[in-house]
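# Summary of the model geometry
Residues per chain are reported as follows:
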Amino acid sequence: MILLNGPNTPFGRMALATALELDVSVDNRVINVFEAEFLDDINPLRQIPTLLFDDGTMMCDSRVICGYFSSLRPGRGLNPVDDRWEVQTRWCLALGLMEVAVSRTMERLRPIEQQSESFFAKSERRMRNVIAKLESNSSEICVPTARVDRLAVAIAFEYIDFRASLEWRDDAPKLAKWLEQETERPSLRRSRPRERLPSDPATFNRP
Ligand SMILES: N[C@@H](CCC(=O)N[C@@H](CS)C(=O)NCC(=O)O)C(=O)O
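This one's a predicted model, so the numbers in the text were calculated from it and none came from an experiment. (Residues numbered from 1 in each chain as written. Predicted model: local features only at pLDDT ≥ 70, side-chain atom pairs only at ≥ 80, totals over all residues. Heavy atoms only, no water.)

### Notes on the sheet that holds strand β3 (residues 50-52)
The strands making up a sheet associate through hydrogen bonds between their backbones, and the pairing can be parallel or antiparallel. Ordered in space as β2-β1-β3-β4, the 4 strands form an open sheet in which the pairing is mixed. Each having just a single partner strand, β2 (27-30) and β4 (58-60) make up the two edges of the open sheet. Neighbour to neighbour, the strand axes of the sheet diverge by 20 degrees on average, direction disregarded. As paired elements, strand β1 (residues 2-5) and β3 share 3 bridges and run antiparallel to each other. Bridge assignment links Leu 4 to a residue of β3, and that residue is Thr 50. In this fold helix α1 (residues 10-21) packs onto β1 and β2, with an angle of close to 155 degrees to the strand it touches most, β1. Sheet contacts for helix α2 (residues 62-72): β1, β3 and β4; angle to β4, the most-contacted strand, approximately 120 degrees. (Pairing = 2+ DSSP bridges. Helix = DSSP H or I, 4+ residues; strand = E, 2+ residues; numbered from the N terminus. Axes fitted to C-alpha atoms, helices over the stretch in contact; angles between N-to-C directions. Contact = heavy atoms within 4.5 Å.)

What follows is the structure, encoded as structure tokens:
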């Protein structure tokens, strides 16, 4: 399995960290998604993460990919589904936080005169509301056993820090304290975001 990934996408990091947590072997390939014309033929959304199988089929969306990896390791408890809908909901809240943070990064790349103050205000409010909700759930999150919602919260905050999207620690002191240790988890250490490099390929030869 090839995981088409980026150097700093939080969604791709979620897929890779899940594979690492579960000892699922994937060939992680960092690409430059913004120039990756080839990806149109694999994933019509042209997004990363995309999981590519040996038979040419693909799987997209980080939740689907993480769900698939978890299905390969039943009983590990990383992604409880049956009676744990609150875990899935917290996972979605963390994904929403990632989405807003990514969209703020994209907005900042636009010429300054085209950037929207109201967008920044609205997205900040949304982020602070989600962060408050997650902090109120800290007893479920601040636990040293890996689970998809906890991984997603850690990855969302580390992306916010990576892009300096928002000062959040005063709003979520319990989560901030937890993250100091959680960030040392091997799956997170081995998937740290980095800036894009000119050498990140925009082409890819299917095996
Ligand atoms: N819902 C998707 C979101 C994936 C996503 O937005 N990926 C971004 C990178 S952070 C992307 O591929 N952007 C490329 C583009 O929009 O051209 C998931 O969870 O995997």
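The rest of the description comes next.
### Examining the site of the ligand
Around the ligand, a shell composed of Thr 9, Phe 11, Val 33, Arg 46, Gln 47, Ile 48, Pro 49, Asp 61 and Ser 62 is seen. One of the backbone nitrogen or oxygen atoms of Ile 48 is found 2.8 Å away from a nitrogen atom of the ligand. For the ligand, a nitrogen atom lies 2.9 Å from a polar atom in the side chain of Asp 61. Protein burial of the ligand: of its 520 Å² of free accessible surface, 75% is covered by the chains. Of the pockets mapped on this structure, the ligand occupies the largest pocket. (Near = heavy atom within 4 Å. Polar contact = N/O pair within 3.5 Å; in protein donor to acceptor, adjacent residues only side chain to side chain. Areas by Shrake-Rupley, 256 points an atom, 1.4 Å probe, with all protein chains shown as cover. 1 Å grid on protein atoms, 1.4 Å probe; cavity = no way out; pocket = protein on both sides within 12 Å on 5 of 7 lines; lining within 4 Å. Sits in = over half its atoms within 2 Å of the grid points.)

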